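These are the residues of each chain, in order.
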Amino acid sequence: MNEVYLYGASGHGKVIAEILEQNGDNIQGIFDDDPAVTGLLDYPALGGFDGAKLSRNARVIVSIGNNHQRCKVVNQLNVPFATAVHPGASVSKRCTIGEGTVVMAGVSINADVKVGEHVILNTNCSVDHDCELGNFVHVSPNVALAGNVKVGEGTHLGIGACVIQGIIIGKWATIGAGTVVITDVPDNAVIVGNPGRIIKYSKGTLAS
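Residues numbered from 1 in each chain as written. Predicted model: local features only at pLDDT ≥ 70, side-chain atom pairs only at ≥ 80, totals over all residues. Heavy atoms only, no water.

A.B. asks: Outline unusual backbone geometry, supporting the account with residue identities and numerical values.
C.D. replies: Cis rather than trans, the peptide bond between Asn 194 and Pro 195 has omega equal to 0°. Mapped onto the secondary structure, Pro 195 falls in the loop between strand E23 (189-192) and strand E24 (197-201). In this structure, Asn 148 is a non-glycine residue whose phi angle is positive, near 60°. Here Asn 148 is to be found in the loop between strand E16 (144-145) and strand E17 (150-151). Not every positive phi belongs to a glycine, and Trp 172 is a case in point at roughly 55°. If you trace the backbone, Trp 172 turns up in the loop between strand E20 (168-169) and strand E21 (174-175). (Helix = DSSP H or I, 4+ residues; strand = E, 2+ residues; numbered from the N terminus.)

A.B. asks: Quick rundown of the sheet that holds strand E8 (residues 96-97)? Include the residues and the values.
C.D. replies: Within the open sheet, the five strands sit side by side as E8-E11-E14-E17-E20. Their pairing is parallel. The open sheet terminates on both sides in strands that have one partner only, identified here as E8 and E20. Pairing geometry for strand E14 (residues 132-133) and E17, over two bridges, is parallel. Among the inter-strand pairings, Leu 133 is bridged to a residue of E17, identified as Val 151. (Pairing = 2+ DSSP bridges.)

A.B. asks: Pulling in residues and values, what's your account of the nonpolar core?
C.D. replies: Most often, soluble globular proteins have nonpolar side chains that are buried together. Grouped together as the largest cluster of nonpolar side chains are 46 residues, with contacts concentrated most on Ile 61, Leu 121, Leu 145, Leu 157 and Ile 169. Sequence-distant contacts of Leu 121, that is, excluding residues within four places in its chain, are made with Val 102, Val 103, Met 104, Val 107, Ile 109, Val 115, Val 127, Leu 133 and Val 139. One finds Ala 58, Val 60, Cys 71 and Leu 77 within the second-largest nonpolar core, a separate group that totals 16 residues. (Core = buried A, V, L, I, M, F, W, Y, C linked by side-chain atoms within 4.5 Å. Buried < 20%, exposed > 50% of the residue type's maximum accessible area, 1.4 Å probe, protein only. Contact = heavy atoms within 4.5 Å.)

A.B. asks: Residues and numbers for the packing of aromatic side chains, please.
C.D. replies: Summed over all chains, the structure comprises three aromatic pairs. Between the aromatic rings of Tyr 5 and Phe 31, the centroid separation amounts to 5.5 Å while the plane-to-plane angle is 25°, which identifies the pairing as stacked. One end of the pair, Tyr 5, is in strand E1 (residues 3-7); the other, Phe 31, is in strand E2 (residues 26-31), and 26 residues separate them in sequence. A single burial state applies to Tyr 5 and to Phe 31, both of which are buried. Among the aromatic residues, those joined into a cluster by ring pairs are Tyr 5, Tyr 7, Phe 31 and Phe 49. (Phe/Tyr/Trp six-rings, centres within 6.5 Å; stacked < 30°, edge-to-face > 60°.)

Put into structure tokens, the structure is as follows:
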């Protein structure tokens, strides 16, 4: 049984907590910087993060859905991180998944996929063969990535987006809900529509 703490008492944290429960992990508590937070589900709030409160051999999952904030928090911590994979996910034995990553119910990860650290693979998304996902990526519910897609660090793919095979998506891009991506996407681009088109550029990560 693994001992795990969450950092972030959010709705996203609730989903992660239930994955840990189903895997038989022991949730020790929830860190959150908001003093008004008293707990999450059945687990106590422990206040702002304090490494001295960690039990021996415990690990942490940063349960913050926003990629920029998750990156910022992770970069401030010096702790071992856990990984949470829902037992109802279909995960190839030939894929790799980095620390801190969470894989929700119904997710499909096929052969030779490389998933980075602190990634969110959200409910019922599909990641096909030979895809590569950078650190801090968020793949929203019902997103479909065809084979050989590369997604750069910090990029967010909105709910129901589709990406055809072989596409390269840059770092800290935003793919809008329902967008169909048929051409490569540069760093920091915001893409919407069918077919996807660039409507603006964001400032990139502020978390480094």
